Amino acid sequence: GAARHLPDVLADASLVLYNAARPLLDGVYCGRDKEAGLVTEILRSLHMCWDAVDLDDACARGVVALKLALLLEESAGDAGAGGAAGGVTPA
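Here is a short report on the structure shown in this document. (Residues numbered from 1 in each chain as written. Predicted model: local features only at pLDDT ≥ 70, side-chain atom pairs only at ≥ 80, totals over all residues. Heavy atoms only, no water.)

## Quick notes on a nonpolar patch on the surface
Side chains of Leu6, Val9 and Leu10 sit close together on the surface and give an oily, nonpolar patch of about 250 Å² of accessible area. Leu10 gets classed as partly exposed once you look at its relative accessible area, which sits at 37%. (Patch = residues over 30% accessible without salt bridge, like charges linked within 9 Å, V, L, I, M, F, W, Y side chains within 5 Å. Areas by Shrake-Rupley, 256 points an atom, 1.4 Å probe, with all protein chains shown as cover. Salt bridge = Lys/Arg side-chain N within 4 Å of Asp/Glu carboxyl O. Buried < 20%, exposed > 50% of the residue type's maximum accessible area, 1.4 Å probe, protein only.)

Structure, rendered in structure tokens:
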């Protein structure tokens, strides 16, 4: 039934979100950026969704995974140095 199509629906919806959010995602370069927390949550959600549905777009998955990893790594480093200035909290 409908459950069989759920992975395709999730993949399509997440790609729409990804494309709509690209200006925001591309505009954040570090954990100190004003929108870093929001971008981290969007990236985390996309990464988890694409992993769950096994999205076959390696380029999009790679971009999201790398940017998420960089933001999380930076926030972990900031937390160890006295707190995350940009409000990004690791998972």
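More follows now that the structure is in view.
## Structural notes on helix 2 (residues 36-53)
A rise of 1.5 Å per residue sets the reference length of helix 2, with its 18 residues, at 26 Å; its end C-alpha atoms lie 26 Å apart and thus fit the reference within 8%. Considered for burial, the residues of helix 2 that qualify are Ala36, Val39, Thr40, Ile42, Leu43, Arg44, Leu46, Cys49, Trp50 and Val53. Positive backbone phi, approximately 55°, marks Asp54, located one or two places after helix 2. (Helix = DSSP H or I, 4+ residues; strand = E, 2+ residues; numbered from the N terminus. Expected span 1.5 Å × (residues − 1).)

## Concerning the packing of aromatic side chains
Working definition: an aromatic ring pair is given by the centre-to-centre distance plus the angle between the planes. Summed over the entire model, instances satisfying the criterion amount to one aromatic pair. Ring centres 5.4 Å apart and planes at 80° place the aromatic pair Tyr18 and Trp50 in the edge-to-face group. Remark: Trp50 occurs in helix 2 and Tyr18 occurs in helix 1 (residues 6-27); sequence separation between them is 32 residues. Each of the two residues, Tyr18 as well as Trp50, counts as buried. Positioned over the ring face of Tyr29 is Lys67, at 5.6 Å from the centre of the ring. (Phe/Tyr/Trp six-rings, centres within 6.5 Å; stacked < 30°, edge-to-face > 60°. Lys NZ or Arg CZ within 6 Å of the ring centre and 35° of its normal.)

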